[in-house]
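Examining the three-dimensional arrangement
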Amino acid sequence: MARIQESKLRKIVRYAYRNVSLYRKRFDEAHIKPESIRSLDDLAKVPFTVKTDLRDNYPLGLLAVPANRLYCLYASSGTTGKPIVVAYTRRDLDRWARLMGRTLDATGVRKGDIIQNMYGYGLFTGGLGIHYGARALGATVVPASSGNTKRQLMLMKDLQTTVVTCTPSYMVYLIEASKAEGYDAKTDLTLKIGIFGAEPWSEEARKRIQDAFGLRAYDIFGMSELYGPGVGIECEQQDGLHVWEDEFLTETINPSTGEVVEPGKEGELVFTMLSREAMPLLRYRSRDLSTLYEEECTCGRYHNRIKRIKGRSDDMLIIGGVNVFPSQVEHVLMNIRDLGDQYQIIVSHKELDRLGIKVEVPANRLNDVNLMKRIRDDLFAVLSIHVEVELVEWGTLPRSEVGKALRVVDLRPKE
Ligand SMILES: [Zn+2]
């Protein structure tokens, strides 16, 4: 693996330097010659690429090929300002499709499986990424796209879907939606495998989904800047995500200093794409926090694994000086029986920052002080801050029908 990576690294660094003015400028400023990057040990000399580089060069300033060689353009949804545009040549699309085929295969998806792909088709790379992977693998794909829950459930039953792909929050939503529509999720449906990603989720959410549908739920990782989904996936061991390191050379760094941290320690994931043609990315800072570790996996794959993404550094809430990840809150709530699957985090400021949680419960538990206390205590044990808990009736919080759940409402005045 190291030999493959080194030979690809030498090539891509020279290619990026020759063809992308940003890289030429960065290398020249740092007085680094591309030829001096020879081994994996030299990687740390390569300057980082960050998300704002993509924004600043909107739309196509980072292209390494003439625009008429592009087969596809994606634009990620930007919450602020311009989106990020990512470009693919034909070879890039073929490579992505093969990686996605490998990704699906790692969870046990095979030819003959019927994949109901509930990721949105369109500019979100999740939809077509899974679609291309299914084609590469020779499995059957149902391009259901996101939303229209009644139809999703009908298709699932009538077409005898065996594999589902969507955001974890949508699958959690389907637990209650399938009940409400009169389906028995285990006997009416034939689901074996679920592949969930595009937002952080917890072990407890996995348990709930697996128990409700009788399937095996796998975590998938990717981002549109790096082709889309399929950077990493859990194998059947469900113990960490293998990263396809023959394409995505992976490091973890200390997000404040930029220094590389050793395997086994948490840090920000940084990826170097080893063969991308249209838009090479060297040492791209993902802003996702995780841990890279090198222990062999019992499945036999030699690709290193990363732990579940703890959260995007952008998602981290700072509440009165304390760092809180929404995934930590989910972890606590999913461990308490009798709670619904829906919750909302509300951050406000009255003299001090305040953290509030709304959680859905059955109507007869709305005034259950013991339950409220249990939630407060469990959250305090994990977050070390006091949380105001409000119990609300089932069905009153907003659902994720289209994509990522809107779990956090920050009411603090913007400075
Ligand atoms: Zn494995």
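Residues numbered from 1 in each chain as written. Predicted model: local features only at pLDDT ≥ 70, side-chain atom pairs only at ≥ 80, totals over all residues. Heavy atoms only, no water.

Notes on the packing of helix α1 (residues 2-19) against helix α2 (residues 21-29)
Running from N to C, α1 and α2 cross one another at 105 degrees; their axes reach a closest spacing of 5 Å. Taken as axis vectors, α1 and α2 run roughly perpendicular relative to one another. In contact with V13, A16, Y17, R18 and N19 of α1, α2 contributes S21, Y23, R24, F27 and D28. For the contact of α1 with α2, the class distribution of residues is five nonpolar, two polar and three charged. (Axes fitted to C-alpha atoms, helices over the stretch in contact; angles between N-to-C directions. Helix = DSSP H or I, 4+ residues; strand = E, 2+ residues; numbered from the N terminus. Parallel < 35°, antiparallel > 145°, perpendicular 65-115°, else oblique. Contact = heavy atoms within 4.5 Å. Nonpolar A, V, L, I, M, F, W, Y, C, P; charged D, E, K, R; others polar.)

Here we look at the coordination of the zinc ion
Within the protein, the atoms that donate to the zinc ion are C235 (SG), H242 (NE2), C297 (SG) and C299 (SG), at distances of 2.1 to 2.3 Å. Here the zinc ion is ringed by four donor atoms whose angles at the metal span 104 to 114 degrees, and the overall shape comes out tetrahedral. Counting along the primary sequence, the residues that act as donors to the zinc ion give the motif C-x6-H-x54-C-x1-C. Highlighted residues: H242 in strand β9 (residues 241-243) and C297 in the loop between β12 (284-293) and β13 (305-306), separated in sequence by 55 residues. Take H242 and C297: they sit in the same class, and that class is buried. (Donors = N, O, S within 2.8 Å, 3.2 Å for Na, K, Ca; no water. Tetrahedral: all angles 85-135°; square planar, octahedral: opposite > 155°, others 65-115°. Buried < 20%, exposed > 50% of the residue type's maximum accessible area, 1.4 Å probe, protein only.)

What to know about the nonpolar core
Ranked by internal contacts, the top residues of the largest apolar core, which has 68 residues, are F27, F221, L226 and F248. Top contributing element to this core by residue count: helix α4 (residues 90-106), with seven residues. Discounting chain neighbours no more than four positions away, the residues touching F27 are V13, Y17, I32, P34, I37, V46, P47 and L282. (Core = buried A, V, L, I, M, F, W, Y, C linked by side-chain atoms within 4.5 Å.)

What about the pattern of salt bridges?
One pass over the full model with this rule turns up 23 salt bridges. With its nearest N and O atoms 3.1 Å apart, the salt bridge here joins K192 to D113. Of this pair, K192 sits in the loop between α7 (168-180) and β6 (193-197) while D113 sits in the loop between α4 and β3 (114-117), placing them 79 residues apart in sequence. For D113, a relative accessible area of 5% corresponds to the buried category. Beyond isolated ion pairs, a larger network of salt bridges with shared partners links E203, R206, D219, E234 and R308. (Salt bridge = Lys/Arg side-chain N within 4 Å of Asp/Glu carboxyl O.)

Points about the sheet that holds strand β17 (residues 343-350)
Two pairing modes exist for strands in a sheet, parallel and antiparallel, and in both the strands are linked by backbone hydrogen bonds. The mixed open sheet is built from four strands, whose spatial order is β19-β18-β17-β20. Two strands lie at the open edges of the sheet, namely β19 (387-393) and β20 (408-410), each paired on one side alone. Taken pair by pair, the neighbouring strands of this sheet meet at an average axis angle of 20 degrees, ignoring direction. Bridging between β17 and β20 involves three bridges; their strand directions are parallel. Each residue of the ladder has a partner; that of I345, found in β20, is V408. Where helix α9 (residues 326-334) meets the sheet, its contacts fall on β17, β18 (352-361) and β20, and the angle it forms with β17 comes to roughly 125 degrees. This element, helix α10 (residues 369-383), spans β18 and β19 of the sheet and lies at about 140 degrees to β19. (Pairing = 2+ DSSP bridges.)

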